[in-house]
Amino acid sequence: AVVAIPLGVWDTVELESAAIPELPVGELYEGRHYSVRVEEAWVGDVVPDDYDVPEEGMTFVLLRATLRNEWREPDAAATQLLTFDALEQVPRLERRADIRIAADGVHMGILPPGVDMDVLLRWEVPAGSVRPGEPIVFGVTDGRPEAALLYEGTAWRDEHTAVQATLVPRPSEELEYPWER
């Protein structure tokens, strides 16, 4: 925003309302749609499953987190709950996270309401867009509920990045799947 200083000088300032609050690693963000706690991240193309291999020219970003659907209906929006800069280089339909339940490794796209779910989220992004040891800023999306017009259920409006958490990812070779311990 541009503001005038009383002596006729113009200056550029950052609006306080535009600043996105920082969510410390391990602390809980209690949102309207989802509550989120981010724990740790990994980057790389090697993961414990031999069949999990990124597409050519791509690499994985993995995030251990706790998610809780705060709404009254089962919901699939958790696959798009978190964002980070490297996802902007991926076609919109491919930005969804693959979510696995930490307790048993089951793939889960729809989360039930009111249950804390320890999960491992995985995205594929262009190789070189993220690196182990270089911080990744994860934005947590939130919005307001509204009755859906074209289908039965809830539509989420005015979605925005409510908080952001900065994690320094480790090499994916260090990842151990919790369900394999």
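A quick note: this is a predicted structure, and the numbers were derived from the prediction, not measured.

**Student:** When you look at the overall build of the protein in this model, what are you seeing that I'm missing?
**Tutor:** Tallying secondary structure elements over the protein gives zero helices and eleven strands in all. Starting at the N terminus, the α and β elements of the protein follow one another as β-β-β-β-β-β-β-β-β-β-β. Along the first, second and third principal axes, the C-alpha set of the protein runs to 65 × 40 × 30 Å. For the protein, the proportion of its 181 residues judged to be buried stands at 40%. Sequence-distant contacts in the protein: of pairs separated by 6 or more residues, those separated by 24 or more amount to 69%. Just so you have it, the protein exposes about 10400 Å², and 51% of that area is on carbon and sulfur atoms.

**Student:** Is there a simple way to think about the sheet that holds strand E6 (residues 82–83) in this case?
**Tutor:** One key point about sheets: their strands pair by backbone hydrogen bonds, in either a parallel or an antiparallel sense. A sheet is described by the order of its strands in space; here three strands give the open sequence E6-E9-E10, paired in antiparallel fashion. Sheet topology places E6 and strand E10 (154–167) at the edges, where each strand pairs with a single neighbour. Note that strand E9 (residues 136–147) and E10 share eleven bridges and pair antiparallel. Following the sheet pairing, Pro 145 is matched in E10 by Trp 156.

**Student:** Can you walk me through the side chain of Ser 172 in this structure?
**Tutor:** Summarising the element assignment, Ser 172 is placed in the segment after strand E11 (170–171). Each residue touching Ser 172, except ones within four places of it in the same chain, is listed here: Trp 42, Val 43, Gly 44, Asp 45, Val 46, Val 47 and Leu 62.

**Student:** Help me out: how do you make sense of the pattern of salt bridges in this one?
**Tutor:** As a working rule, side chains carrying opposite charge can pair if their charged atoms are close by. What the rule picks out here adds up to 13 salt bridges. Across the pair Asp 49 and Arg 100 runs a salt bridge whose closest N-O atoms are separated by 2.9 Å. In this pair, Asp 49 sits in the loop between strand E4 (34–44) and strand E5 (58–69) while Arg 100 sits in strand E7 (residues 98–101), placing the two residues 51 residues apart along the sequence. Classification of Asp 49 as buried rests on a relative accessible area of 9%.

**Student:** Please explain the nonpolar core as it appears in this structure.
**Tutor:** One broad rule of soluble globular proteins: the nonpolar side chains tend to lie buried together. Counting 35 residues, the largest nonpolar core has Val 61, Leu 63, Phe 84, Leu 121, Trp 123 and Phe 138 as the members making the most contacts within it. Sorting the residues of this core by element identifies E4, E5, E7, strand E8 (117–126), E9 and E10 as the ones contributing at least two each. The residues contacting Val 61, other than those within four sequence positions of it, are Trp 42, Val 43, Phe 84, Leu 121, Arg 122, Trp 123, Val 125, Val 130, Ile 136 and Phe 138. With eight residues, the next largest nonpolar core counts Phe 60, Leu 62, Leu 175 and Trp 179 among its residues.

**Student:** Teacher, can you tell me more about the packing of aromatic side chains here?
**Tutor:** How two aromatic rings sit relative to each other is given by the distance of their centres and the angle of their planes. Throughout the structure, instances matching the rule amount to five aromatic pairs. Ring geometry for Trp 71 and Trp 156: centres 5.3 Å apart, planes at 80 degrees, overall edge-to-face. Remark: Trp 156 occurs in strand E10 and Trp 71 occurs in the loop between E5 and E6; sequence separation between them is 85 residues. In this pair, the class of Trp 71 matches that of Trp 156, namely buried.

The rules behind the values
- Residues numbered from 1 in each chain as written.
- Predicted model: local features only at pLDDT ≥ 70, side-chain atom pairs only at ≥ 80, totals over all residues.
- Heavy atoms only, no water.
- Helix = DSSP H or I, 4+ residues; strand = E, 2+ residues; numbered from the N terminus.
- Buried < 20%, exposed > 50% of the residue type's maximum accessible area, 1.4 Å probe, protein only.
- Contact = heavy atoms within 4.5 Å.
- Areas by Shrake-Rupley, 256 points an atom, 1.4 Å probe, with all protein chains shown as cover.
- Pairing = 2+ DSSP bridges.
- Salt bridge = Lys/Arg side-chain N within 4 Å of Asp/Glu carboxyl O.
- Core = buried A, V, L, I, M, F, W, Y, C linked by side-chain atoms within 4.5 Å.
- Phe/Tyr/Trp six-rings, centres within 6.5 Å; stacked < 30°, edge-to-face > 60°.

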